[in-house]
Amino acid sequence: MSPPSAMEQNPGKAQDQKIYLHPLPVRIWHWVNAAGFLLLILTGFQLRYVDLFSLMSFETAVHLHNWIGFFVIANWFLWFFYYLTSDKITNYHPDLNAASFFERFFRQAQFYGQGIFMGQKRPHDVHPSNKFNPMQKLTYQFMMFITVPITFISGLMMWDVERFSALIELVGGIRVVNTVHVLMFIMFVMFMFVHAYMGMLGPKPSSHYKEMITGYEEPHDED
Amino acid sequence: MKTGLTLGSLLLAIALLGMAPAASLADHHEEVTNPDLKCLKCHSRNLKKTLEDGEKMSLKIEVADFEKSVHRVIGCTGCHRDIVKGEKHPSREPIASRRAYSLKHNQTCSQCHEDHDADFEKSIHASLVRDGNDEAPLCSDCHTSHKIQPRTDFEPVNGEPCSKCHVDINEAYAQSVHGGARSEGNQIRGKFIKAPYCSDCHEAHEVLAVSSADYLVETCMSCHEVAKLAHEQWLPNAAMHMKSVGCAVCHAPEAELRVNLQLFDRIKQAPVRRSEENITLQNKLAEIDPNGNGLDPVELWKMMLNTDEGGQPSDIKLRGRLEVANGVDAHRLADHSEAIRSCESCHQANAEAFQNVTVSINRPDGRKESYKADSKVLSSPISVDSIGGFYAPGGTRIRWLDALLVLAIVGGLAVPVGHFALGKYLRRKNGNKSK
């Protein structure tokens, strides 16, 4: 029995051996989302800290925050329906074998903590249908299915308090809603720093950034 | 014969003399009816009665005033029903005080003016009367006793009768956009607009306590019909603002403000009122801050714990509302061009609007019973549940979340810096081992 060809082993690999990891809709979604989140964080800072800095008026910040918020919500649905209707949804499938998942999770953490500096081989082989390493997978599942929707829903409630008053009452009042929204905001602020830095941990500091522009995986040193 | 003539002439003279004042009254005051002339015969003089409290009460009626009174048609006995023809005049009956006499006649008014009396009974004025407040107005305090004008003439030029008690409020009103328009022929920006007077907003007889302030927003809207639409054009969350911020907060820019946290029953959808069924809560209020130095966040949280009353289902929360701190300021309404439009005046830390905080429970008559609270209750994480319904982004932000944000930024920066440093260390260590 002959071994499977490179194409059979990895159907995403093109002839130049580059894997097409990020389809166009995902890349558009990613950068629109990134810009949206940065603007939401910026206007969010302005809304919360008028007394500390005044990049724009509170009123302008509210209107911008609302409009960008709606845009980012629409963008999330673009992402959601793309994955829902494509075979790439496997990237977000939960790993049912928890023991195996966490074993790989810690191996990945160990790589980031030590192996990456020692030139060790990356423990996760990327594939268009399994492009996230276990740490990324858990983070993005949590972000995209829990944190982001909670932020949207709490944001919507605050966009029109009267319209959503029954729901707001149900969860304990507008102060509860705002506290949850701000906790998510704090999480996103931290995420932005860490995400931007982790993006530099590819084969070269620019590799992952280029991948998110071209869609193709950049060559690894070991390749 | 001579004697008889003399006696007859004398009797006639006495009779004519007796009739003289009445004839004189009738000559000058044609509108006054004959039965009333009999009363006025005495009561147009400087009669005085010593009351039991020692005061000498004048019994004199100014005939000219009575002649113009709308009650002229019902005559004296229309109100003074204790004066019956053929029976003894009650002049010798003791009267405890002027107030006691007015109170007695308040009942007299209600015999004809049932509707007004029913409205009055619902008012804060009647409530004060029931509380035994001698300053609380009775019918005659506003309408006078014998100079009762027709409703059409009841144009309160000098702020009367309300200004008799509410002097400061009347002064504030006179200088307001409403008062100014009224004195300038109801002209606002060159247009005729019937500017409101006291009773237009507060009703004439059913004068409610201002703590039932919800109705006041509706009152403003009844004239300013387009205000809702106008606010929706620019004000984010306009409906919510109109619900939790009193109109005067922005439209009386000089006003002192406060946040009132009103105990509100979410099941009954009504403010909690002092009553037997709420006794536990009332006792808690009194016990928690016996020194009166203001409820801090922990005290407020304790107060809101176990607010169930007597086994009755209740869901009591504090409903926050930003309002003007006193009635005088509430009347200093300015032209809309002077209204506060800057969101920053409230939506920033230490905004003046959030420095004065009270917790209130309503008395049965709607008046507030307020307890001072520390302004920290608005920005404490402990209050997330107890005052869950009131929040102003920026203005009442929770300070602990600020600390958490700083921690997140520091942590977010520490990850790359720490990871980079770790890499340097491990590479150096690895390099040394290789050597």
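Since the model is a prediction, treat every value here as computed from it, not as a measurement.

1. Some points on the overall build of chain B
What chain B contains, in helices and strands, is 20 helices and nine strands. Each of the 435 residues in chain B was classed as buried or not, and the buried ones make up 26%. Long-range pairs, those at least 24 residues apart, make up 66% of the contacts in chain B with a sequence separation of at least 6.

2. Brief notes about the pairing of strand 9 (residues 368-373) of chain B
The side chains of a regular strand alternate between both faces of the sheet. All names here are of chain B. Sheet topology places strand 8 (residues 357-362) next to strand 9; six bridges connect them, and they run antiparallel. By the bridge assignment for strand 9, Thr358 is matched with Lys372. The antiparallel hairpin formed by strand 8 and strand 9 contains five residues in its connecting segment, where Gly366 sits at a positive phi of about 95°.

3. A few points about the nonpolar core
In terms of nonpolar packing, the biggest core is built from 49 residues, with Ala248, Leu261 and Ala373 of chain B touching the most fellow members. Residue assignment places this core across two domains, with domain 2 (162-207) and domain 3 (246-399) of chain B each supplying three or more. The contacts of Ala373 of chain B, once residues within four sequence positions are left out, are Leu261, Gly294, Leu295, Leu300, Val357, Thr358 and Val359 of chain B. Ranked by size, the runner-up nonpolar core spans nine residues in total, among them Val182, Met184, Phe185 and Phe188 of chain A.

4. Remarks on the environment of Met190 of chain A
With respect to the helices and strands, Met190 of chain A occurs in helix 7 (residues 174-198). We classify Met190 of chain A as partly exposed; it has 19 C-beta atoms within 10 Å. Here the alpha-carbon distance between Met190 of chain A and Leu84 of chain A, two residues 106 residues apart in the chain, equals 28 Å. Contacts of Met190 of chain A, omitting those with residues within four sequence positions, involve Ala408, Gly411 and Gly412 of chain B.

5. Examining helix 9 (residues 167-175) of chain B
All names here are of chain B. Among the residues of helix 9, those classed as buried are Ile169, Asn170, Ala172 and Tyr173. Burial along helix 9 is one-sided: seen end-on, the buried residues are contained in an arc of 160°. Against the buried residues of helix 9 lie helix 10 (177-183) and helix 18 (327-330).

6. Digging into the interface of chain B and chain A
Counting from both sides, the interface comprises 34 residues of chain B and, opposite them, 27 residues of chain A. Of all the secondary-structure elements, those providing two or more residues to the side of chain B that touches chain A are helix 14 (238-244), helix 19 (383-386) and helix 20 (399-434) of chain B. Per element, the largest residue contribution to the side of chain B that touches chain A is 14 residues, and it comes from helix 20 of chain B.

7. Points about the domain arrangement of chain B
Residues and elements named next belong to chain B. Per the domain assignment, the segments of chain B are domain 1 (23-149), domain 2 (162-207) and domain 3 (246-399). Using only C-alpha atoms to locate each centre, domain 1 and domain 2 end up separated by 29 Å. Tallying the contact residues gives nine residues for domain 1 and four residues for domain 2. Elements that contribute at least two residues to the side of domain 1 that touches domain 2 include exactly helix 6 (114-121) and helix 7 (124-130). Counting residues per element, the side of domain 1 that touches domain 2 draws most heavily on helix 6, at three residues. Taken together, the residues of the side of domain 1 that touches domain 2 break down into three nonpolar, three polar and three charged.

8. Thoughts on the packing of helix 3 (residues 58-84) of chain A against helix 5 (residues 134-159) of chain A
Residues and elements named next belong to chain A. Interhelical geometry of helix 3 versus helix 5 gives an angle of 140° and a closest axis separation of 11 Å. The crossing of helix 3 and helix 5 is left-handed. Residue-level inspection shows Asn66, Gly69, Ile73 and Trp76 of helix 3 in contact with helix 5, the latter providing Val148, Phe152, Gly155 and Trp159.

9. Focus on the pairing of strand 5 (residues 257-265) of chain B
All names here are of chain B. The buried fraction of strand 5 is high, at eight of nine residues. Direction of pairing for strand 5 relative to strand 7 (residues 316-324): antiparallel, over a ladder of nine bridges. Bridge pairing in strand 7 links Phe264 to Lys317. Here four bridges tie strand 5 to strand 8, and the two strands are oriented parallel to one another. When the bridges of strand 8 are listed, Asn260 appears paired with Thr358. Bridge analysis of strand 5 against strand 6 (residues 270-271) gives two bridges, and the strand direction is antiparallel. Among the inter-strand pairings, Asp265 is bridged to a residue of strand 6, identified as Ala270. A loop of four residues connects strand 5 with strand 6, the two strands running antiparallel in sequence, and Gln269 in this loop sits at a positive phi of about 50°.

10. What to know about the environment of Gly423 of chain B
Of note, Gly423 of chain B is situated in helix 20. Sequence separation between Gly423 of chain B and Phe120 of chain B is 303 residues, and the spatial gap between their C-alpha atoms is 83 Å.

11. Points about the packing of helix 4 (residues 98-118) of chain A against helix 5 of chain A
Residue and element names in this part refer to chain A. Closest axis-to-axis distance for the helix 4/helix 5 pair is 7 Å, and the angle between their directions is 110°. One finds that helix 4 runs roughly perpendicular with respect to helix 5. Contact residues: Phe101, Arg104, Phe105, Gln108 and Ala109 in helix 4; Pro134, Met135 and Leu138 in helix 5. In terms of residue class, the contact of helix 4 with helix 5 is built from six nonpolar, one polar and one charged.

12. Section: unusual backbone geometry
Residues and elements named next belong to chain B. Although it is not a glycine, Gln269 adopts a positive phi angle of roughly 50°. The topology assignment puts Gln269 in the loop between strand 5 and strand 6. In this model, Asn350 sits at a positive phi of 60°, which is unusual for a non-glycine residue. Structurally, the position occupied by Asn350 is in the loop between helix 18 and strand 8. Residue Asn350 is classed as exposed on the basis of its C-beta count, with 10 C-beta atoms lying within 10 Å.

13. Some details on the confidence of the model for chain B
Residues and elements named next belong to chain B. Mean pLDDT over chain B: 83, with 85% of residues reaching 70 or higher. Element-level pLDDT for chain B is lowest in helix 1 (residues 2-28), with a mean of 47, against a maximum mean of 94 in helix 15 (residues 247-251). Low confidence marks residues 1-5, where pLDDT is under 50. Its contacts with residues over four positions away, or in another chain, come to zero contacts. Taken as a whole, residues 10-23 scores under 50 in pLDDT and shows three contacts with residues more than four places along the chain or in a different chain. Both scores are given for the predicted complex: the pTM is 0.82, the ipTM 0.87.

14. Regarding the environment of Met144 of chain A
Residue and element names in this part refer to chain A. Among the structural elements, Met144 can be located in helix 5. Accessibility expressed as a C-beta count within 10 Å gives 16 for Met144, which makes it partly exposed. As a C-alpha pair, Met144 and Ile89 span 55 residues in sequence and 13 Å in three-dimensional space.

How each quantity is defined
- Residues numbered from 1 in each chain as written.
- Chains lettered and ligands numbered in written order.
- Predicted model: local features only at pLDDT ≥ 70, side-chain atom pairs only at ≥ 80, totals over all residues.
- Helix = DSSP H or I, 4+ residues; strand = E, 2+ residues; numbered from the N terminus.
- Buried ≥ 20, exposed ≤ 12 C-beta atoms within 10 Å, placed from the backbone.
- Contact = placed C-beta atoms within 7 Å.
- Pairing = 2+ DSSP bridges.
- Core = buried A, V, L, I, M, F, W, Y, C linked by C-beta atoms within 7 Å.
- Domains from an automatic or database assignment.
- Arc of directions from axis to C-beta.
- Nonpolar A, V, L, I, M, F, W, Y, C, P; charged D, E, K, R; others polar.
- Axes fitted to C-alpha atoms, helices over the stretch in contact; angles between N-to-C directions.
- Left-handed = near helix turned anticlockwise from the far one by under 90°.
- Parallel < 35°, antiparallel > 145°, perpendicular 65-115°, else oblique.
- pLDDT = per-residue confidence, 0-100.

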